[in-house]
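Take a look at the letters that make up each chain.
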Amino acid sequence: MRDLHIRQRDAVIATRLTERLDLDLPLMLAPMALAGGGELAAACARAGAFGLVGGGYGDLDWTRREWNVATERLANTAAAQHLGCGFITWKLDQDASALDWVLDQPLQPKAIFLSFGDPRPYGQRIARAGARLICQIQTMAQLPQAVEAGAEIIVAQGGAAGGHGATAASARSVMVFVPEAADWLAANAPDVLLLSAGGIGDGRGLAALLMLGADGALIGSRLWASREALPAPAAKEQAVAASGDDTARSPIFDVLRRKDWPAEYDFRALRNALHREWEGREIELRADPAAARAAFDAAVAAGDFTGANVTVGEVTGLIRDVPPAGEVLHRIAAEAEQVLGGAGGFIRR
């Protein structure tokens, strides 16, 4: 097993992640499609974490707009070195123009995050541009593939995560997935860093990941419910009011949103009224989705979240407010430091 390298620096936990990326916090913003725009990515970078614009489906206009927002906010600051962009890999296989565009910008991304597909066709392209490759995985079988692609950072995603992840039948528990991945990396690629995603919303979660062998955490849902995130305030209010019991992982919202995702992935969100109507009837929904899609479209247009999706994971039960992103991040780090007892030096596993 690897040593768990944790030391205290100016009341902030330092790990291999903070040292290699020169961060103040061992935290990274998840590149949430349509939710994690330039304002949120810039706010996270300014706070001392690593900010990732959610390029998601590779829409060039959306990526161009949000990347420009982020770079404008970070212009002439040291925090500009802590900015990257993330994409859905299987969508890049159809159209990689947004990736090519962002890699060609004057302020280039310092990292590209890929998930949900084979990253190997993109590894050399990203390396030539001088960006780090971050690969999110959902299974151990994907780990050697990501390392072969040249990933410097691996993110082990657990099934509690909001949005897309491995199907409910095959999703991994972070509690076991992280140490298994950490042990494999220690034996086969010891210089590759390991983060985890899925269910981390406070300092207890970060501290647990560090003890399990991770170098930091990827934060999604908790920052989805922050002031700078793009979702509507009414959607964020739903996340604050919800319990983790109120979420479900299913293909329902992908069908309603006309997203043709590979069968090995599905989508976690709040189980609102429209979702509950179709639970257990997914085959029927796929066969004749027109009426349900019309109801969904009307709800989105009206900002009605009994029908429109609220894309948060099980950690929604730990979300109790909607503060600025920097406050969220520093709160998580301070809580983790307290949980870890403020011990200096190295904690060995």
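Before reading on, note that the structure itself is shown above.
Residues numbered from 1 in each chain as written. Predicted model: local features only at pLDDT ≥ 70, side-chain atom pairs only at ≥ 80, totals over all residues. Heavy atoms only, no water.

Asks: Any chance you could explain the overall build of the protein chain here in plain terms?
Replies: Regarding its fold elements, the protein chain presents 16 helices and 13 strands. Against the compact-globule benchmark of 20 Å for 349 residues, the protein chain has a radius of gyration of 19 Å, which places it among compact chains. In terms of overall dimensions, the protein chain has C-alpha extents of about 60 × 40 × 40 Å along its principal axes. Scored against the burial criterion, the 349 residues of the protein chain give a buried share of 58%. Restricting the contact set of the protein chain to residue pairs at least 6 apart, pairs at least 24 apart contribute 67%. Carbon together with sulfur atoms contributes 50% to the accessible area of the protein chain, which is approximately 13700 Å² in total. (Helix = DSSP H or I, 4+ residues; strand = E, 2+ residues; numbered from the N terminus. Rg over C-alpha atoms; globule rule 2.2 N^0.38 Å. Buried < 20%, exposed > 50% of the residue type's maximum accessible area, 1.4 Å probe, protein only. Contact = heavy atoms within 4.5 Å. Areas by Shrake-Rupley, 256 points an atom, 1.4 Å probe, with all protein chains shown as cover.)

Asks: Just checking my understanding: could you explain the sheet that holds strand β13 (residues 265-270) for this structure?
Replies: Working definition: the strands of a sheet are paired by backbone hydrogen bonds and lie parallel or antiparallel to each other. Spatial ordering of the open sheet is given by β9-β13-β12, a layout of three strands whose pairing is antiparallel. On the outer flanks of this sheet lie β9 (163-166) and β12 (247-250), each paired with one strand and no other. Ignoring which end each strand starts from, the neighbouring axes of this sheet average 30 degrees apart. The pairing of β9 with β13 spans four bridges and is antiparallel. Looking across to β13, one finds that Ala 166 is bridged to Tyr 265. (Pairing = 2+ DSSP bridges. Axes fitted to C-alpha atoms, helices over the stretch in contact; angles between N-to-C directions.)

Asks: Looking at this structure, how should I read the nonpolar core?
Replies: Looking at soluble globular proteins, one finds that nonpolar side chains tend to be buried together. Ranked by size, the top nonpolar core spans 103 residues in total, and within it Leu 27, Met 28, Phe 87, Ile 112, Ile 154 and Trp 224 carry the most contacts. With residues near it in sequence (within four places) discarded, Ile 154 still touches Cys 135, Ile 137, Leu 143, Ala 146, Leu 185, Val 192, Leu 193, Leu 194 and Leu 195. Membership of the second largest hydrophobic core comes to eleven residues, among which are Leu 256, Ala 269, Leu 274 and Phe 296. (Core = buried A, V, L, I, M, F, W, Y, C linked by side-chain atoms within 4.5 Å.)

Asks: Explanation requested: the pairing of strand β7 (residues 132-137) in the structure shown.
Replies: For a regular strand, side chains alternate in direction, first toward one face of the sheet and then toward the other. Summarising burial for β7: five of the six residues are buried, a large majority. Two strands pair when backbone bridges link them, and strand β6 (residues 111-115) and β7 are joined in this way by five bridges, in the parallel orientation. From the neighbouring strand, Leu 114 faces β7, where its bridge partner is Cys 135. In this fold, the crossover linking β6 to β7 by way of helix α6 (residues 123-128) has right-handed handedness. Sheet topology places β7 next to strand β8 (residues 153-157); four bridges connect them, and they run parallel. Paired with Ile 134 across the strands is Ile 153, a residue of β8. (Right-handed = clockwise from strand over helix to strand, strands pointing away.)

Asks: It is not clear to me how the packing of aromatic side chains should be interpreted in this structure. Could you clarify?
Replies: The way to describe two aromatic rings as a pair is by their centre distance and the angle between their planes. The full count for this structure, using the stated rule, is seven aromatic pairs. Judged by centre distance (5.2 Å) and plane angle (80 degrees), the ring pair of Trp 90 and Trp 261 falls under edge-to-face. Of this pair, Trp 90 sits in helix α4 (residues 89-92) while Trp 261 is found in the loop between α12 (252-256) and β13, placing the two residues 171 residues apart along the sequence. Here Trp 90 falls in the buried class, since its relative accessible area comes to 11%. Consider the rings of Phe 116 and Tyr 265, whose centres lie 5.0 Å apart with planes at 75 degrees: the pair is edge-to-face. With Phe 116 in the loop between β6 and α6 and Tyr 265 in strand β13, this pair connects stretches of sequence that are 149 residues apart. (Phe/Tyr/Trp six-rings, centres within 6.5 Å; stacked < 30°, edge-to-face > 60°.)

Asks: Would you mind going over the pairing of β6 with me for this structure?
Replies: Of all the five residues making up β6, five are buried; the element is thus mostly covered by neighbouring parts of the structure. The side-chain alternation of β6 yields two buried faces, one formed by Ala 111, Phe 113 and Ser 115 and the other by Ile 112 and Leu 114. In terms of strand pairing, strand β5 (residues 83-88) meets β6 through four bridges, oriented parallel. Its bridge partner lying in β6, Cys 85 is registered against Ile 112.

Asks: Where do I start with helix α8 (residues 174-188) in this structure?
Replies: Count 3.6 residues to each turn of an α-helix, and residues three or four apart come out pointing the same way. Under the 1.5 Å per step criterion, the end-to-end length of α8 is 20 Å for 15 residues, consistent within 8% with the ideal 21 Å. Along α8, the positions that sit buried rather than exposed are Val 174, Phe 177, Val 178, Pro 179, Ala 181, Ala 182 and Leu 185. On its buried face, α8 sits against β7, α7 (142-149), β8, β10 (193-197) and α9 (203-212). (Expected span 1.5 Å × (residues − 1).)

Asks: For this particular structure, what's the right way to read unusual backbone geometry?
Replies: Most of the time, phi is negative for any residue but glycine, and the peptide bond is trans. Its identity is not glycine, yet Phe 116 carries a phi of approximately 75 degrees, on the positive side. A positive phi angle, close to 65 degrees, is found at Arg 258, a residue other than glycine. Relative to the helices and strands, Arg 258 is located in the loop between α12 and β13. The class of Arg 258 is partly exposed, set by a relative accessible area of 46%.

Asks: Whenever I open this one, the packing of α9 against helix α16 (residues 325-339) confuses me. Can you help?
Replies: A packed helix pair is summarised by two numbers, namely the angle formed by the two axes and the spacing between the axes. Two elements in contact, α9 and α16, have axes whose closest approach is 7 Å; the angle formed by their N-to-C orientations is 60 degrees. Of the possible angle classes, the one that applies to α9 and α16 is oblique. Crossing geometry of α9 relative to α16 is assigned as right-handed. From α9, Gly 203, Arg 204, Leu 206 and Ala 207 reach across to α16, where they touch Ile 332, Ala 333, Glu 335, Ala 336 and Val 339. The class makeup of the residues in the contact of α9 with α16 is six nonpolar, one polar and two charged. (Parallel < 35°, antiparallel > 145°, perpendicular 65-115°, else oblique. Left-handed = near helix turned anticlockwise from the far one by under 90°. Nonpolar A, V, L, I, M, F, W, Y, C, P; charged D, E, K, R; others polar.)

Asks: I keep staring at the sheet that holds strand β3 (residues 27-29) and nothing clicks. Help me out?
Replies: Read from one edge to the other, the open sheet built from eight strands follows the order β3-β11-β10-β8-β7-β6-β5-β4, with strand pairing classed as parallel. Looking at the sheet topology across the chains shown, the edges are occupied by β3 and β4 (51-56). Between one strand axis and the next, the sheet turns by 25 degrees as a mean value, whatever way the strands run. Contacts between helix α2 (residues 38-46) and the sheet are confined to β3, β4 and β5, with β4 contributing the most and set at about 160 degrees to the helix. Across the sheet, α8 is in contact with β7, β8 and β10; its angle to β10 comes to roughly 170 degrees.

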